[in-house]
Amino acid sequence: MHGEAHFGDGSASGVAIDYLLEQQPLGTAGALGLLRETLEQPFFVTNGDLLTKVDFRKILDFHREEESDFTVGAVRYDISVPYGVLLQEDDHIQGIVEKPVYRHYVNAGIYLLNPELRQRIPKGQRTDMTDLMTALLAEQKRLLTYPIIEYWLDIGRHPDLELARSEFEVHFGEG
């Protein structure tokens, strides 16, 4: 079901919703070039397939306090290797690490941008947020991560959607 058919103008939920339809896919940042309004404050862009309890006010406070140009929500992601990892140079073993856990922070699909960054997005051209980030890094803009510790789940894959359905009441139910 199309979002507009489901949510309408948002008044039933106490919000105002305006819709912007792409004639062709423009990527995760490209559609921002279609906005008609002039933005004067930092603004959020989020992926539509997220289920989260993140406190957006805290991200905004962090963004302002740290004088960030572009803030990315980041989620900790651990990769466990169930085997001993050989440390080697060519075919010579230098050591072994038994069942290591590699810890990374990954893009959570939640972005907070200063309004002037919209001017950096090419109009009518496919541009993903990662493309914009790469361009801004080359310009030495201040890009920061905000660690998300609240519940967060990307439900873009079927198994994750099923997980969200099973966990929804625990995390979002009343009580």
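Before reading on, note that the structure itself is shown above.
Residues numbered from 1 in each chain as written. Predicted model: local features only at pLDDT ≥ 70, side-chain atom pairs only at ≥ 80, totals over all residues. Heavy atoms only, no water.

1. Focus on the environment of F56
Turning to its location among the elements, F56 is positioned in helix 3 (residues 56-65). Distance in space between the C-alpha atoms of F56 and L112 is 9.3 Å, their sequence separation being 56 residues. Setting aside anything within four residues of it in sequence, one finds F56 in contact with F44, T46 and I110. (Helix = DSSP H or I, 4+ residues; strand = E, 2+ residues; numbered from the N terminus. Contact = heavy atoms within 4.5 Å.)

2. Quick word on the sheet that holds strand 7 (residues 143-147)
Pairing is mixed in the open sheet, where four strands are placed in the order 1-6-3-7. A strand with exactly one partner marks an edge of an open sheet, and here the two such strands are strand 1 (43-46) and strand 7. When strand polarity is set aside, the average angle formed by the axes of neighbouring strands in this sheet is 45°. As judged from the 10 bridges shared by strand 3 (residues 70-80) and strand 6 (residues 101-113), these two strands associate in the antiparallel manner. Each bridged residue has a counterpart across the sheet, and for S80 the counterpart in strand 6 is V101. Relative to strand 6, helix 3 is tilted by about 90°, and along the sheet it contacts strand 1, strand 3, strand 6 and strand 7. (Pairing = 2+ DSSP bridges. Axes fitted to C-alpha atoms, helices over the stretch in contact; angles between N-to-C directions.)

3. Structural notes on the nonpolar core
Counting residues in each nonpolar core, the largest one holds 14 residues, and the members touching the most others are L32, V45, F70, Y111, L113, M129 and L132. Contributing elements (two or more residues each) for this core: strand 1, strand 3, strand 6 and helix 4 (129-138). In this view, V45 contacts T28, L32, G109, I110, Y111, L113 and M129; residues no more than four positions away in its chain are not counted. By size, the runner-up hydrophobic cluster in this structure holds 10 residues, among which are I59, I110, Y146 and I148. (Core = buried A, V, L, I, M, F, W, Y, C linked by side-chain atoms within 4.5 Å. Buried < 20%, exposed > 50% of the residue type's maximum accessible area, 1.4 Å probe, protein only.)

4. Things to note about the pairing of strand 4 (residues 84-89)
Two faces make up the sheet, and in a regular strand the side chains alternate between them. The pairing of strand 4 with strand 5 (residues 92-98) spans six bridges and is classified as antiparallel. When the sheet's bridge partners are listed, Q88 is paired in strand 5 with I93. What sits between strand 4 and strand 5 in their antiparallel hairpin is a turn of two residues, with D90 showing a positive phi close to 55°.

5. Some details on the environment of V15
Mapping V15 onto the fold places it in the loop between helix 1 (3-7) and helix 2 (27-30). In this structure V15 comes out as partly exposed when scored by relative accessible area, which is 45%. Not counting residues within four places of it along the chain, the set of residues in contact with V15 comprises D9 and G10.

6. So, the pattern of salt bridges
All chains considered together, the criterion is met by six salt bridges. The closest approach of N and O atoms between R126 and D128, which form a salt bridge, is 3.7 Å. Relative accessible area serves as the criterion here: at 51%, R126 is assigned to the exposed category. One salt-bridge network, in which partners are shared between bridges, spans R76, D78 and R103. (Salt bridge = Lys/Arg side-chain N within 4 Å of Asp/Glu carboxyl O.)

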